[in-house]
Amino acid sequence: MPAEATRAAELLTQLSNPARLRAFAELVRRGKEGSTLAEMSFLLEITKPEAGEALGRLTGLGLASGTGDGVYRAKPEVLREAAQALVATQPISPLLREYPQLKSFFAYGRLTSLPPTMSERYQQIAELLARFLAVDGLLTEDEVNRRLAAIADDVAAVRRMLVETGWLERDRAGSTYGAGRSLP
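Cut-offs and rules
Residues numbered from 1 in each chain as written. Predicted model: local features only at pLDDT ≥ 70, side-chain atom pairs only at ≥ 80, totals over all residues. Heavy atoms only, no water. Helix = DSSP H or I, 4+ residues; strand = E, 2+ residues; numbered from the N terminus. Areas by Shrake-Rupley, 256 points an atom, 1.4 Å probe, with all protein chains shown as cover. Lys, Arg positive; Asp, Glu negative; His and termini not counted. Charge placed at Lys NZ, Arg CZ, Asp CG, Glu CD. Salt bridge = Lys/Arg side-chain N within 4 Å of Asp/Glu carboxyl O. Buried < 20%, exposed > 50% of the residue type's maximum accessible area, 1.4 Å probe, protein only. 1 Å grid on protein atoms, 1.4 Å probe; cavity = no way out; pocket = protein on both sides within 12 Å on 5 of 7 lines; lining within 4 Å. Points joined across faces, edges and corners; volume = space filled by probe spheres on them. Nonpolar A, V, L, I, M, F, W, Y, C, P; charged D, E, K, R; others polar. Pairing = 2+ DSSP bridges. Axes fitted to C-alpha atoms, helices over the stretch in contact; angles between N-to-C directions. Contact = heavy atoms within 4.5 Å.

1. With respect to the overall build of the protein chain
- Along its length, the protein chain carries nine helices and eight strands.
- Taken along the three principal axes of its C-alpha coordinates, the protein chain extends 70 × 30 × 25 Å.
- For the protein chain, the accessible surface area stands at approximately 10300 Å², while carbon and sulfur atoms represent 54% of it.
- One finds the centroid of the 23 positive side-chain charges in the protein chain at a distance of 2 Å from the centroid of its 23 negative side-chain charges.

2. A short note on the pattern of salt bridges
- Throughout the structure, instances matching the rule amount to eleven salt bridges.
- The partner of E53 in a salt bridge is R20, with the nearest N and O atoms 3.2 Å apart. Of the two residues, E53 sits in helix α4 (residues 48-61) while R20 sits in helix α2 (residues 18-30), which places them 33 residues apart along the sequence.
- Judged by relative accessible area, E53 falls into the partly exposed class, the value being 33%.
- With a shortest N-O distance of 2.6 Å, R146 and E143 are connected by a salt bridge. One end of the pair, R146, and the other, E143, are both in helix α8 (residues 141-149), three residues apart, so they sit about a helical turn from each other.
- Relative accessible area serves as the criterion here: at 53%, R146 is assigned to the exposed category.

3. Here we look at the layout of surface pockets
- When its volume is computed, the largest pocket comes out at roughly 220 Å³.
- Surrounding the largest pocket, V87, A88, I92, S93, L96, R97, K103, F106, A107, Y108 and G109 form its lining.
- The set of elements that each furnish at least two residues to the lining of the largest pocket consists of α5 (76-88), α6 (93-96) and β4 (106-107).
- Residue composition of the lining of the largest pocket, grouped by class: seven nonpolar, two polar and two charged.

4. Thoughts on the sheet that holds strand β8 (residues 176-179)
- Spatially, three strands are ordered β6-β8-β7 in an open sheet, and the strand pairing comes out antiparallel. Among the strands making up the open sheet, the edge pair consists of β6 (138-140) and β7 (168-170). Direction aside, the axes of adjacent strands within the sheet are offset by 35° on average.
- Pairing between β7 and β8: three bridges, direction antiparallel. Residue pairing across strands places L168 opposite A179, the latter belonging to β8.
- Across the sheet, α8 touches β6, β7 and β8, and the angle it forms with β6 is around 85°.
- Contacts from helix α9 (residues 155-164) reach β7 and β8 within the one sheet, and its direction differs from that of β7 by about 95°.

5. Description of α9
- V155, A157, V158, R159, M161 and L162 are the residues of α9 that are buried.
- Buried residues along α9 sit in contact with β5 (110-111), α7 (120-133), α8, β7 and β8.

6. Quick look at the pairing of β8
- Across three bridges, the pairing between β6 and β8 is antiparallel. Paired with L139 across the strands is Y177, a residue of β8.
- Hairpin remark: β7 followed by β8, antiparallel, with five residues in the connecting loop; positive phi at G174, about 75°.

See below:
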């Protein structure tokens, strides 16, 4: 597992504890004002030791900061940065850097929508996906589906789009696929 994924998993695992999650949410809600240990204990209706443990863990993870005046403040950018680092490890991310105009069709490394059929973006996203698929020789439908499933939920729609735009050709039986044209 890449370091980015390990870091994100650790943050999410620690936030799966209800007291820590509620404490983090409360610190985020309070913004720059922050919260003291006593306030957090009162607001969350937990004991001071429980609040101290939650705030200590958040601080240790870098999700909160404690100051000399006893006020804790959330650092939500740490969670955001971990999520962004995790997205950067997704298999489509390197190609998306070459197609910045198509980023709005993806969320967290997954294809979320397709542009209108007759648009220039439709042709561009087909090219991007053909490059991702990297067909070299013949592939079974299962292999095409498995590769596309890494970035899309509706693999049939993506496969159909690749055939319609000429990037992918299938045999008459529809069970074997090959490259329809050369990649740029």
